[in-house]
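Single-letter residue listing:
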Amino acid sequence: MAKYKKLYSAAITGTKVEVTAVGLSLGGYHMVNLTASLNYVQVFDSLAANVTVGTTVPLLSLPLPASGGATLYLGGLDLCVGLTLACTTTATGSTTSDAFVVLTYKL
């Protein structure tokens with residue numbers, strides 16, 4: 001049976017956040033939207049230096065309902081380069097918003 005360990009737990013905004021600069025297997029997430037409108041957490045398999053929010057296409061764009069959240073067990077989403085996140089008002093845009101994110105990784 002796979003074991004999971006907390007990787008990241010903090011607020012994110014439209015400003016990119018580099019969670020890790022090495023590849024890993026993402027086990028799951030819990031995210032909470034801190035605003036009263038629909039937001040998106042953009043997930044990049046890249047170093048922050050290589051991401052321009054609103055231009056770089058995210059690997060995933062996870063919608064978060066207004067003043068709500070989302071939880072998902074991924075079972076291991078393999079990221080090769082690293083993990084960078086941003087929270088925006090559209091799926092691939094650059095307008096800043098806020099979310100709180102907890103990520104786990106697969107050991």
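In this text the structure is predicted, and so the values were computed from the model without any measurement. (Residues numbered from 1 in each chain as written. Predicted model: local features only at pLDDT ≥ 70, side-chain atom pairs only at ≥ 80, totals over all residues. Heavy atoms only, no water.)

Enquirer: So what about the sheet that holds strand 3 (residues 24-33)? Which residues, and what values?
Expert: With respect to topology, four strands assemble into an open sheet ordered 1-8-3-6, the strand pairing being antiparallel. Pairing within the sheet leaves two strands with one partner each, and these edge strands are strand 1 (4-12) and strand 6 (69-79). Within this sheet the neighbouring strands show an average axis-to-axis angle of 20°, counted without direction. Two elements, strand 3 and strand 8 (residues 99-106), share seven bridges in a ladder whose sense is antiparallel. Across the sheet, His 30 pairs through a bridge with Val 102, a residue of strand 8. (Pairing = 2+ DSSP bridges. Helix = DSSP H or I, 4+ residues; strand = E, 2+ residues; numbered from the N terminus. Axes fitted to C-alpha atoms, helices over the stretch in contact; angles between N-to-C directions.)

Enquirer: Tell me what's going on with the environment of Ala 70, and back it up with residues and numbers.
Expert: Tracing the backbone shows Ala 70 in strand 6. The exposure class of Ala 70 is buried, given its relative accessible area of 18%. Excluding residues that lie within four positions of it along the chain, Ala 70 makes contacts with Tyr 29, His 30, Met 31 and Leu 64. (Buried < 20%, exposed > 50% of the residue type's maximum accessible area, 1.4 Å probe, protein only. Contact = heavy atoms within 4.5 Å.)

Enquirer: Residue-level account of the nonpolar core, with values.
Expert: Ranked by internal contacts, the top residues of the largest apolar core, which has 19 residues, are Ile 12, Met 31, Val 41, Leu 83, Leu 85, Val 101 and Leu 103. The element that contributes the greatest number of residues to this core is strand 3, accounting for four residues. (Core = buried A, V, L, I, M, F, W, Y, C linked by side-chain atoms within 4.5 Å.)

Limitation: the analysis is restricted to geometry and does not speak to function.
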